[in-house]
Amino acid sequence: MGKKRFKRGYFYTLDVVFAIIILVIGLLLVAGSYFYAPQKVKSEALANDITGVLGSTHIYDVCNDIDSCDCSYQSIRDLCNENPSQIKNPDITLLEFMGQLYHDNQREAIQDIVNETIVKSYVLPPNYDMQVVLFDPKTGDLEQLYPLVT
Amino acid sequence: MFQYRRAHARKGQIASLDIILSVVALFLFIGIVIAILPMIGGSTEPKETYGGQVFINIENIGIDRPASAFLAGYRVDENKLDNFSNSSYDDIEGFVLANSDIFAPESSDFCMFFQPLSPFNGSSSFGRTYDSPDHTTASKERCNPSDPCQNYAQSFVYARPVLRKGKITKLYVVVCK
């Protein structure tokens, strides 16, 4: 009789141990996802910084010589080599250049520029993702430019 | 009657033991959670902060020292950066760590570098952090970008994307406290 009760005690103890393990794992998972979630304020500041740097970097800053397509970014160099007249005005900023490419219906080129200048150069922190969305005043629509939706 | 009382008392003892055990288990559980949480959450791990006061301070250096104001918005002036990094750390620290509620120049130090690491004025970083835990030996004007706050209790990481040498790169200012 006593032996049987002792055995049952083992089961209860084991039950408690399992319950504690499951609880701890659950709590850690919840806490982990909470800690790694991007903060809203930080995301806004980062978005502000990214548009800021794209809006203050001119084509002449990244291209030493437009005539020979001597640019520090491959994506811009490729565009220039393809058709030098695409870079009509070296005084415009990268953000304005993206607007021009949007107008010329060169969405892939926009994606390549964002990829190379922001995403692959680690300007965007590793646990973040980004979208570039353009508001078209003509149609009133939001056009997603990065990542490209096909 | 006596036997009934004894059985009752035994049951009571078992119940008390149960309560004690459950309280111990509860405390143990809380202890485990408290001990493990910082490890998984990385709450002690420095997190990048964007739009910090530090960059406003660096931009405002131009008010007193126009030749060292290397940062204007999102652009870095190489000549002014050289002037800045040629300055004495003690001279510059007050400007960089000004107007902050979190850290005072007396108790905090900073380390500045670009990522990916690229040299300026012959070094990959500018700043001062202590080489020993008792803060007696300082590495003046130089700090270790891979672990700038090794001998400090806290670190605050500020980052801003900037245009430097024809490429968009990231300027880091890590404040160690």
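Residues numbered from 1 in each chain as written. Chains lettered and ligands numbered in written order. Predicted model: local features only at pLDDT ≥ 70, side-chain atom pairs only at ≥ 80, totals over all residues.

A tally of helices and strands in chain A yields 6 helices and 4 strands. Beginning at the N terminus, the succession of helices and strands in chain A can be written as α-α-α-β-β-α-α-α-β-β. Put simply, chain A has 150 residues, and 19% of those count as buried. Long-range contacts, defined here as pairs at least 24 residues apart, represent 54% of the contacts in chain A between residues at least 6 apart. (Helix = DSSP H or I, 4+ residues; strand = E, 2+ residues; numbered from the N terminus. Buried ≥ 20, exposed ≤ 12 C-beta atoms within 10 Å, placed from the backbone. Contact = placed C-beta atoms within 7 Å.)

All names here are of chain B. Burial analysis of strand S8 (residues 155-164) places 9 of its 10 residues in the buried class, which makes it a mostly covered element. In this structure, S8 lies alongside strand S9 (residues 167-176), joined through 10 bridges in antiparallel fashion. Directly across from Tyr-158, in S9, lies its bridge partner Val-173. (Pairing = 2+ DSSP bridges.)

The next subject is the domain arrangement of chain A. Taken domain by domain, chain A holds domain 1 (1-37) and domain 2 (51-146). One C-alpha centre belongs to domain 1 of chain A, the other to domain 2 of chain A, and the line joining them spans 54 Å. (Domains from an automatic or database assignment.)

Another aspect to go through is the environment of Phe120(B). Residues and elements named next belong to chain B. As for its position among the elements, Phe-120 is in the loop between strand S4 (109-115) and strand S5 (125-127). Given 20 C-beta atoms within 10 Å, Phe-120 falls into the buried group. The spatial distance from the C-alpha of Phe-120 to the C-alpha of Leu-26 is 56 Å, given a sequence separation of 94 residues. Excluding residues within four positions of it along the chain, Phe-120 makes contact with Leu-81, Asp-82 and Ser-85.

As a further point, take the confidence of the model for chain A. Scored by pLDDT, chain A has a mean of 85; 88% of the residues are at 70 or more. Across chain A, element-level confidence peaks in helix H3 (residues 59-62) of chain A with a mean pLDDT of 94 and bottoms out in helix H1 (residues 2-36) of chain A with 75. (pLDDT = per-residue confidence, 0-100.)

Take the pairing of S4(B) next. Each regular strand displays side chains that alternate between the two surfaces of the sheet. Residue and element names in this part refer to chain B. Here S4 lies mainly inside the structure; 6 of its 7 residues are buried. Both S4 and S9 contribute to a ladder of 7 bridges, which runs antiparallel. Residue pairing in the sheet places Phe-113 in a bridge with Tyr-172 of S9. Direction of pairing for S4 relative to S5: antiparallel, over a ladder of 3 bridges. Across the sheet, the residue bridging to Met-112 is Phe-126, located in S5.

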